[in-house]
Amino acid sequence: MEMLIYLIPISLFLGGLGLAAFFWAIRTRQYDDPDGDSQRILSNDWEDRPKQ
């Protein structure tokens, strides 16, 4: 039970660190790719894949 004194703050810190990294990625536009999406829908790369 005494271990919870250490584990709860560590888990909150790591969760906050992950949330900060997620917001950083959104703020620096890491997920934006409008040209790639528009070109990807038009390509027929499924025909070029080898048959299994």
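As shown above, the structure is provided for reference.
Residues numbered from 1 in each chain as written. Predicted model: local features only at pLDDT ≥ 70, side-chain atom pairs only at ≥ 80, totals over all residues. Heavy atoms only, no water.

**Focus: the overall build of the protein**
What counts is decided by this rule: For the purposes of this entry, the term helix denotes a DSSP run of H or I that reaches at least four residues, the term strand denotes a run of E that reaches at least two, and both are numbered from the N terminus. Exposure categories follow from relative accessible area, calculated using a 1.4 Å probe and restricted to protein chains: below 20% of the type maximum is buried, above 50% is exposed, and the middle band is partly exposed. Calculation of accessible area relied on Shrake-Rupley with a 1.4 Å probe; when residues are assessed, cover is drawn exclusively from the protein chains displayed.
In terms of regular secondary structure, the protein is built from three helices and zero strands. Each of the 52 residues in the protein was classed as buried or not, and the buried ones make up 4%. Put simply, the protein shows about 5,400 Å² of open surface, and 63% of that area lies on carbon and sulfur atoms.

**Description of the packing of aromatic side chains**
Keep this limit in mind: Aromatic rings from Phe, Tyr and Trp, with only the six-membered ring used for Trp, were paired whenever their centres fell within 6.5 Å, and each pair was classed as stacked if the ring planes differed by under 30 degrees, edge-to-face if by over 60, and tilted otherwise.
According to the stated counting rule, one finds one aromatic pair in the structure shown. Between Phe22 and Phe23, the ring centres sit 5.8 Å apart and the planes meet at 50°, which makes this aromatic pair tilted. Look at Phe23 and you get partly exposed, because its relative accessible area is 47%.

**Description of helix H1 (residues 4-27)**
This is how the line gets drawn: What a helix is expected to span follows from its residue count: subtract one and scale by 1.5 Å.
Between its first and last C-alpha, H1 extends 34 Å over 24 residues, near the 34 Å set by a 1.5 Å rise per residue. After H1 finishes, the residue Arg29 shows a positive phi value of roughly 60°.

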